[in-house]
Amino acid sequence: MGILADQINTLDRLEEQYKREKERIEQAIADTVRGVGQNPAVKPIGKNMFTISMSELTNAPWSPEFHDWTIQAERLLVVLNKKPVKDWLTFIRELLDKNSGNGWSGVTVCKQVLSKKFLRKVLERL
């Protein structure tokens, strides 16, 4: 083999290493996001039901998906996967810094409403 072929093989190996490492990092972040757990304000009363105090609904959407952090985790991952991995932390910080009107506790991104409380928990773990 010539020098060029050796360099191409080396480059292919490096690209494969990069791809594996990127996937490992993406999975670690996804596991961390999913590992935040359920909203402590949520009190389950059945498999697909929960209650939440009225005070949690103040300045927040009344949709169950907003308060269910397992759903919030999947929504956040969908949004994050549209961006390069290296920008994920910065993007989450930008979402938290986004000024919501009238003390609103959610932030809308890509037609998804994400809970700032949930985003803070994610950022603490990352």
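As a starting point, this report considers the structure included with it. (Residues numbered from 1 in each chain as written. Predicted model: local features only at pLDDT ≥ 70, side-chain atom pairs only at ≥ 80, totals over all residues. Heavy atoms only, no water.)

## Focus: the nonpolar core
Of all hydrophobic cores here, the largest spans 22 residues; its most connected members are V33, L76, F118 and L119. For this core, the secondary-structure elements that each account for two or more residues are α1 (3-34), α4 (69-80), α5 (88-97), β3 (106-109) and α6 (116-125). When residues of this core are assigned to their parent elements, the largest contribution, six residues, is made by α4. What L76 contacts, discounting residues up to four positions off in sequence, is V33, I92, L114, F118, L119 and V122. (Core = buried A, V, L, I, M, F, W, Y, C linked by side-chain atoms within 4.5 Å. Buried < 20%, exposed > 50% of the residue type's maximum accessible area, 1.4 Å probe, protein only. Helix = DSSP H or I, 4+ residues; strand = E, 2+ residues; numbered from the N terminus. Contact = heavy atoms within 4.5 Å.)

## Let's talk about the side chain of N39
One can find N39 in the loop between α1 and β1 (43-46). For N39, a relative accessible area of 3% gives the class buried. One polar contact links the side chain of N39 to the main-chain amide nitrogen of A41, over a distance of 2.9 Å. (Polar contact = N/O pair within 3.5 Å; in protein donor to acceptor, adjacent residues only side chain to side chain.)

## Regarding the packing of α4 against α6
Direction vectors running N to C along α4 and α6 enclose 70 degrees, while the axes themselves pass 11 Å from each other. By the angle between their axes, α4 is roughly perpendicular relative to α6. Residue-level inspection shows W69, Q72, A73 and L76 of α4 in contact with α6, the latter providing K117, F118, L119, K121 and V122. Its residues placed into classes, the contact of α4 with α6 shows six nonpolar, one polar and two charged. (Axes fitted to C-alpha atoms, helices over the stretch in contact; angles between N-to-C directions. Parallel < 35°, antiparallel > 145°, perpendicular 65-115°, else oblique. Nonpolar A, V, L, I, M, F, W, Y, C, P; charged D, E, K, R; others polar.)

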